[in-house]
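Results of the structural survey
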Amino acid sequence: MSTTEHATLSRKQLQAIGEQLANDRKLEILTYAATHEQFTVTELKAELDFPHSTAHAYCRDLHRAGLLERLHHQPATYASGDFTIHLPSARLPSASQEE
């Protein structure tokens, strides 16, 4: 989910991104992704010492929020997703009323 000043995030999308960024372990994954062109869940779990199921679930969550790109399903391979969040203050009142 790459956002620009032409695209508008819904309240649910913004909340999903905020929830992902509030998790320190998920931030570790995003930091790892930013320094690796691509990675498998197996590589990630070994490097960051996550249980495999946790690494897979966290990557899936980050992908759903648009913060990671999934490149392959088998093996599960991800890359850092480019994203910019542009939220003008004038947009806040209408965002809080949507959905």
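Below or above, wherever it landed, is the structure these notes cover.

Right, let's talk about the pattern of salt bridges for a bit. Counting across every chain of the model gives two salt bridges. Of the charged contacts in the structure, one is a salt bridge between Arg 25 and Glu 28, with a shortest N-O distance of 3.2 Å. Of this pair, Arg 25 and Glu 28 are both found in helix H2 (residues 24-34), three residues apart, which corresponds to roughly one turn of the helix. When its relative accessible area of 29% is taken as the criterion, Arg 25 is described as partly exposed.

What follows concerns the nonpolar core. Within the largest apolar cluster, 19 residues are counted, with the highest numbers of intra-cluster contacts made by Ile 29, Phe 39, Leu 44, Cys 59, Leu 68 and Tyr 78. Among the secondary structure elements, those contributing two or more residues to this core are H2, helix H3 (41-48) and helix H4 (52-64). When residues no more than four places from it in sequence are discounted, the contact partners of Tyr 78 are Gln 38, Phe 39, Val 41, Cys 59, Arg 60, His 63, Leu 68, Glu 69, Arg 70 and Leu 71.

Moving on, we get to H4. Helix length check: H4, at 13 residues, gives a terminal C-alpha distance of 18 Å against a target of 18 Å (1.5 Å per residue), a fit within 8%. Residues of H4 that are buried include every one of Ala 55, Cys 59 and Leu 62, and no others. One side of H4 holds all its buried residues, which, seen down the axis, span an arc of 65°. In H4, the exposed positions that point more than 90 degrees away from the buried face belong to Ser 53 and Arg 64. On the buried face of H4, the contacting elements are helix H1 (11-21), H2, strand S1 (39-40), H3, strand S2 (68-72) and strand S3 (77-80). In the segment just after H4, Gly 66 is the residue with positive phi, at about 85°.

What counts, and at which threshold
Residues numbered from 1 in each chain as written. Predicted model: local features only at pLDDT ≥ 70, side-chain atom pairs only at ≥ 80, totals over all residues. Heavy atoms only, no water. Salt bridge = Lys/Arg side-chain N within 4 Å of Asp/Glu carboxyl O. Helix = DSSP H or I, 4+ residues; strand = E, 2+ residues; numbered from the N terminus. Buried < 20%, exposed > 50% of the residue type's maximum accessible area, 1.4 Å probe, protein only. Core = buried A, V, L, I, M, F, W, Y, C linked by side-chain atoms within 4.5 Å. Contact = heavy atoms within 4.5 Å. Expected span 1.5 Å × (residues − 1). Arc of directions from axis to C-beta.

Everything listed here is a matter of geometry and, on its own, says nothing about what the molecule does.
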